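# Structural characterization, general
The chain contents come next:
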Amino acid sequence: MTSFCEQVLYGQSPPIEPGDPLYDPYENDENYVLVSADESVTNGPRSPPRHNYDPDHRRMVFGPMLTLSEFKRRVVEALNEYFSSEDAEETIGTIKELGCPEYHYEVVKRAISMAMDRKERERELVSKLLSASSPELLTTDQLGKGFERLFEFIDDLELDTPGATEITAAFLARAVVDEIIPPAFLVDPVVVGLGGDVVAQTKRILSRDHQYSRVERIWGPGDGRPVSELKVAIDQLLVEYLLSKQLSEAERCVREMEVPHFHHELVKRAVAAVLDKPADEQAAMLNLLAHLHKTETVSPAQLEQGFQKLFQKLPDLVLDSPNASRVINSFLAQTKEFCPEAEGWALKANGDRAETATNGANGTNGHA
């Protein structure tokens with residue numbers, strides 16, 4: 001057995017015994033994989049270690065099984081499948097099997113941002129998924145962090161989806177009503193600072209009369225009613241209005257439908273209904289849109305979405321109504337008089353490049 005001096009003389013390091021500050025029990029253990037620590041674990045309170053097993057390497061993996069980019073890709077695939085199957089339990093199980101609880105807040109951000117480009121059915125499905133995921137998949141903190149991430153990207157989302165702020169506020173209000181986000185979240189200084197207009201709109205939604213019953217049905221036909229049934233109700237409302245010209249009664253009927261995020265369909269059908277009507281009926285319909293905007297019954301975002309749908313359907317509308325382009329552009333030009341936001345709308349017909357509402361109305365000399 002060599003002495004300590006001989007070990008030092010011939011370059012042999014003496015063994016480090018347990019209890020020595022430099023002792024590392026895992027020094028000769030190759031059966032582990034090092035990953036970067038999660039920031040919340042590094043800077044925040046220490047939590048019990050999470051161990052995942054990587055069957056390919058037969059090792060214990062500390063931290064998430066996937067990179068964040070790969071996790072996002074898998075979540076998008078799971079959400080697309082969910083929109084087809086409507087099976088929330090299967091979707092929750094699929095995401096849990098990814099073994100990345102540290103990234104679960106991304107489910108909130110990704111689901112809501114994907115629903116923005118889709119219809120009310122998918123938005124209702126996302127609200128139901130978030131509710132079903134709590135707390136098994138999404139904790140209150142993860143839900144909150146997911147919304148905070150949306151707040152950070154809301155300006156970019158607005159560029160791609162006009163009305164993104166309004167839609168996000170509706171999702172947040174629905175989460176509060178579904179009791180997966182506490183009301184205190186809306187008064188947290190950090191949240192208010194990040195959320196800005198989104199949080200302010202959420203508070204307005206929740207402050208209205210009968211807010212709980214309204215918010216539970218905030219996605220309109222997504223609550224289970226057929227879209228066709230709602231369209232029939234809108235058409236009947238418009239026919240009755242053209243007969244009576246009673247603005248207050250029409251406003252009351254629109255509010256009682258309690259489908260604020262389906263008002264774009266009302267705008268679209270209102271203009272389409274008078275494409276071949278006399279000038280006085282076109283003027284009456286324009287007065288209705290102006291009144292609904294003035295009373296904040298229909299938001300500027302819903303007006304814009306309604307006109308966007310008209311422009312997208314323009315090639316088909318012209319087949320039945322040759323004057324459709326002239327009448328729609330005339331409506332659009334006069335909408336700018338009561339809705340200043342219309343000046344910056346970017347509307348395009350199928351196959352055409354986008355152009356601002358101002359340009360879209362140039363060159364039209366017809367009057368609604």
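Residues numbered from 1 in each chain as written. Predicted model: local features only at pLDDT ≥ 70, side-chain atom pairs only at ≥ 80, totals over all residues. Heavy atoms only, no water.

### Details of the pattern of salt bridges
Summed over all chains, the structure comprises 16 salt bridges. The partner of R73 in a salt bridge is E77, and the shortest N-O contact between them spans 2.5 Å. Of this pair, R73 and E77 both sit in helix α3 (residues 68-85), separated by four residues, roughly a single helical turn. Judged by its relative accessible area of 41%, R73 falls in the partly exposed class. One salt bridge in this structure joins R255 and E251, with 3.1 Å as the shortest N-O distance. Remark: E251 and R255 occur in helix α14 (residues 247-257); sequence separation between them is four residues, near one turn of the helix. The partly exposed category is assigned to R255, whose relative accessible area is 36%. One network of salt bridges, in which partners are shared, links E70, R73, R74 and E77. (Salt bridge = Lys/Arg side-chain N within 4 Å of Asp/Glu carboxyl O. Helix = DSSP H or I, 4+ residues; strand = E, 2+ residues; numbered from the N terminus. Buried < 20%, exposed > 50% of the residue type's maximum accessible area, 1.4 Å probe, protein only.)

### Regarding the nonpolar core
Membership of the largest hydrophobic core comes to 54 residues, with the highest contact counts inside it found for I112, F147 and I181. Listed by contribution, the elements that provide at least two residues to this core are α3, α4 (88-96), α5 (105-116), α6 (120-133), α7 (140-152), α8 (154-160), α9 (164-177) and α11 (197-207). Membership of the second largest hydrophobic core comes to 41 residues, among which are L230, V259, V271 and F311. (Core = buried A, V, L, I, M, F, W, Y, C linked by side-chain atoms within 4.5 Å.)

### Description of empty space enclosed by the protein
All told, the structure shown has one cavity of 30 Å³ or more when counted by the stated rule. What the largest cavity holds in volume is close to 40 Å³. Around the largest cavity, the lining residues are R123, P162, G163, E166, I167, A301, Q302 and Q305. Residue contributions to the lining of the largest cavity peak at three residues, all from helix α17 (residues 300-312). Split into classes, the residues belonging to the lining of the largest cavity amount to three nonpolar, three polar and two charged. (1 Å grid on protein atoms, 1.4 Å probe; cavity = no way out; pocket = protein on both sides within 12 Å on 5 of 7 lines; lining within 4 Å. Points joined across faces, edges and corners; volume = space filled by probe spheres on them. Nonpolar A, V, L, I, M, F, W, Y, C, P; charged D, E, K, R; others polar.)

### Section: the packing of aromatic side chains
Here the structure, examined in full by the defined rule, presents three aromatic pairs. Judged by centre distance (6.2 Å) and plane angle (40 degrees), the ring pair of Y82 and F83 falls under tilted. On the accessibility criterion, Y82 (2% relative accessible area) is buried. Look at F83 and you get buried, because its relative accessible area is 5%. Directly above the aromatic system of F153 lies the positively charged group of K109, at a separation of 4.9 Å from the ring centroid. (Phe/Tyr/Trp six-rings, centres within 6.5 Å; stacked < 30°, edge-to-face > 60°. Lys NZ or Arg CZ within 6 Å of the ring centre and 35° of its normal.)

### Considerations on the confidence of the model for the protein
In the predicted model, the protein carries a mean pLDDT of 81, and the fraction of residues at 70 or more is 74%. In the model, residues 34-51 has pLDDT below 50 throughout and makes 16 contacts with residues more than four positions away in sequence or in other chains. (pLDDT = per-residue confidence, 0-100. Contact = heavy atoms within 4.5 Å.)

### Details of the packing of α3 against α6
Viewed as axis vectors pointing N to C, α3 and α6 meet at an angle of 110 degrees, and their least axial separation amounts to 10 Å. The angle between α3 and α6 falls in the class roughly perpendicular. The two elements α3 and α6 meet at a crossing, and its hand is right-handed. Residues L79, Y82, F83 and S84 of α3 touch α6, and the partners they reach there are R121, E122, L125, V126, K128 and L129. Here the contact of α3 with α6 is composed, by residue class, of six nonpolar, one polar and three charged. (Axes fitted to C-alpha atoms, helices over the stretch in contact; angles between N-to-C directions. Parallel < 35°, antiparallel > 145°, perpendicular 65-115°, else oblique. Left-handed = near helix turned anticlockwise from the far one by under 90°.)

### Things to note about the side chain of S113
By the secondary structure assignment, S113 is in helix α5. The exposure class assigned to S113 is buried, which follows from its relative accessible area of 17%.

### Comments concerning helix α19 (residues 324-338)
With 15 residues, α19 extends 22 Å from end C-alpha to end C-alpha; this agrees with the ideal 21 Å at 1.5 Å per step. Within α19, burial applies to A324, V327, I328, N329, S330, F331, L332, T335, K336 and F338. (Expected span 1.5 Å × (residues − 1).)

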